[in-house]
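# Structural features, examined
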Amino acid sequence: MILEMNNIQKSFKDLKVLRDISIHVDKGEVVSIIGPSGSGKSTLLRCATFLETIDAGEILYMDRAAAKTNEEGKAEYVSHAELQQFKQYFGLVFQQFNLFPHYSVLKNVMDAPVYVLKHSREEAEAQALELLDKMNLKDKAGAYPSQLSGGQQQRVAIARALAMNPDILFFDEPTSALDPELTGEVLKVIRQLADEKMTMVVVTHEMPFARAVSDRVIFMDKGVIVEQGDPEKVFGDPDHERTKQFLRNYQQ
Amino acid sequence: MTFQTMLASMSAGMLRSLAIFFLTLIFSLPLGMAVMYLRRSKYKVISGITKIYIAIMRGTPLMLQLLMWYFGPFYLFRWSIRGYRFPAIIIGFSMNYAAYFAEIYRSGYEAIPVGQFEAAEVLGYSRSQTFFKIILPQLVKTILPSITNEIITLVKDTSLAFTLAYNEMFSIAKQIASSQTSFVPFIIAGVFYFVMNYVVAFVMERAEKALAYY
């Protein structure tokens, strides 16, 4: 099991955003999380990537606990140094790309491997160029993020995440900030990664894409998992009224 | 008194003015960063005290602060202040400018999208790597014009050291002007400040251009 999150609870002040959520992701699995805004799906990813701290529950990567509930029912994390190591298990692609504007495309991709993973510069550069080639961006290596289209920036962000050799890659609405015209090129890259059996969790509003690419779809609403399973089942013949309603609203 | 002798006696003062200028920058630029972090502290007591500090530094005349830094130790603790004149000037200027720089840094810091911090965090950069590699370069670019303003003010503020009877350039200019009943020393002083600031503006403009690559 690459990722296991058990009984996750998370509140912002009085607002309960995640109510006892459990998910698990196996090696090579592609899991899509869908649901209306405010359902907690992005928060779940942010908890998985330690950008938010959970109030209670368990987070395990590779069967190693990064956080677990203590006797008082509160989540307790491992030390800061250990968390830094856990971060090497995953990568995150943001909705807003969040590339470093003062670094060239190449440096964006190779900097963390050099300074965090302590790879040699030559090795990191070779890998970065290979990834950029895969993203069809080799000719943009010397460009700065501001010179790229949104779709290109997002592909650089994917290359940057892949350069860390993560065991699992998270996508937080990777196409929501893009023009409809540009979403296709990003989805194509994610699809290609799925074909290569990259383990991925994708929070998305692109329903046809989620249906086509996922091994499993999770529908979340109001901080709980309403329904999950095979995409054909969830999209084609959902069990719950709430899921049906959500999908109906989407088709309109 | 010839023009040359005036210039010669004022040049020692110019060196002292330059010393105040550079030492203040050397101390206040990094100190301002520390003040900014204290100001942003999540501990209310620390951020509160820092806010009061900034309010006092910005809310009272620098001239008064210089007097306080110099004579304060004597009046409060009866410490001897002999030989303390120059350090008091540098402390006074640095503490004052640090407060202004802190607020400029804060404006720049808060303008950096939170996604930059998050991207660095997820990639596993350490705190100091995040600061020096990701945040600082972007911060410097946004705040450079405001920093230029502040440095130009500092050039002219060095003349306030006369408050503590320190013979920087402007004090000497006044002395010569009154003893020689001549206006020339003031013109020399004006040219000195103007040229200094011209250089500052030139250097800072070059720096801005150097950072305009993205």
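Per chain, residues are indexed from 1 in the order of the written sequence. Here chains are named by letter from A upward and ligands by number from 1 upward, in the order in which they appear as written. Predicted model: local features are reported for residues with pLDDT of at least 70 only, side-chain atom pairs are reported and counted for 80 or more only, and whole-chain, interface and lining totals are derived from all residues. For the side-chain quantities, the full set of heavy atoms in the structure was used; hydrogens and water were omitted.

### Considering unusual backbone geometry
Residues and elements named next belong to chain A. Despite not being glycine, Lys13 shows a phi value in the positive range, around 55°. Structurally, Lys13 can be placed in the loop between strand E1 (3–12) and strand E2 (15–25). Exposure categories follow from relative accessible area, calculated using a 1.4 Å probe and restricted to protein chains: below 20% of the type maximum is buried, above 50% is exposed, and the middle band is partly exposed. The class for Lys13 is exposed, based on a relative accessible area of 83%. Even without glycine at this site, Asp63 takes up a positive phi of about 65°. Looking at the secondary structure, you find Asp63 in the loop between strand E4 (56–61) and strand E5 (64–69). Helix numbering and strand numbering both begin at the N terminus, where a helix is a DSSP run of H or I of at least 4 residues and a strand a DSSP run of E of at least 2.

### Comments concerning the pattern of salt bridges
Salt bridge, as used here, is a side-chain nitrogen of Lys or Arg placed within 4 Å of a carboxyl oxygen of Asp or Glu. Within the structure shown, the criterion is met by 17 salt bridges over all chains. Salt-bridge contacts for Asp111(A) lead to Lys107(A); the nearest nitrogen and oxygen are separated by 2.8 Å. Of this pair, Asp111(A) and Lys107(A) are both found in helix H3 (residues 105–115), 4 residues apart, which corresponds to roughly one turn of the helix. Across the pair Arg106(B) and Glu103(B) runs a salt bridge, and its minimum N-O distance is 3.0 Å. Remark: Glu103(B) and Arg106(B) occur in helix H4 (residues 85–111); sequence separation between them is 3 residues, near one turn of the helix. Of the residues examined, Arg106(B) reaches a relative accessible area of 18% and is grouped as buried.

### Describing the interface of chain A and chain B
The contact criterion used throughout is that any non-hydrogen atoms of two residues lie within 4.5 Å. On the chain B side, the residues contacting the 26 residues of chain A number 19 residues. Both faces combined, the contact of chain A with chain B buries some 2000 Å², and carbon together with sulfur accounts for 58% of it. Simply put, the buried area is the total loss of 1.4 Å probe accessible area from both parts when two parts are fitted together. When the buried area of chain A at its contact with chain B is split by residue, Lys87(A), Phe100(A) and His102(A) rank highest and sum to 28% of it. Scanning the region where chain A abuts chain B turns up 2 salt bridges. In this structure, Glu118(B) engages Arg46(A) in a salt bridge whose closest nitrogen and oxygen atoms are separated by 2.6 Å.

### A look at the packing of aromatic side chains
Centres within 6.5 Å are what make two rings of Phe, Tyr or Trp a pair, Trp counting through its six-membered ring; a difference in plane orientation under 30 degrees is then read as stacked, over 60 as edge-to-face, and the rest as tilted. Enumeration over the complete set of coordinates arrives at 32 aromatic pairs over all chains. Ring centres of Phe90(A) and Phe170(A) lie 6.0 Å apart, and the angle between their planes is 65°; this geometry places the pair in the edge-to-face category. One end of the pair, Phe90(A), is in strand E7 (residues 90–93); the other, Phe170(A), is in strand E8 (residues 168–172), with 80 residues separating them in the sequence. Among the residues examined, Phe90(A) registers a relative accessible area of 2% and is labelled buried. With a centroid separation of 6.4 Å and an interplanar angle of 20°, the aromatic rings of Phe101(B) and Tyr105(B) are classed as stacked. Of this pair, Phe101(B) and Tyr105(B) both sit in helix H4, 4 residues apart, which is roughly one turn of the helix. Take Phe101(B) and Tyr105(B): they sit in the same class, and that class is buried. An aromatic cluster is defined as three or more aromatic residues linked by ring pairs; in this entry it consists of Phe50(A), Tyr61(A), Tyr77(A), Phe86(A), Tyr89(A), Phe90(A) and Phe170(A). Note that Arg160(A) overlies the ring of Phe100(A), its terminal NZ or CZ placed 4.7 Å from the centroid. A ring is considered to have a charge above it if a Lys NZ or an Arg CZ atom is located within 6 Å of its centre and within 35 degrees of its normal.

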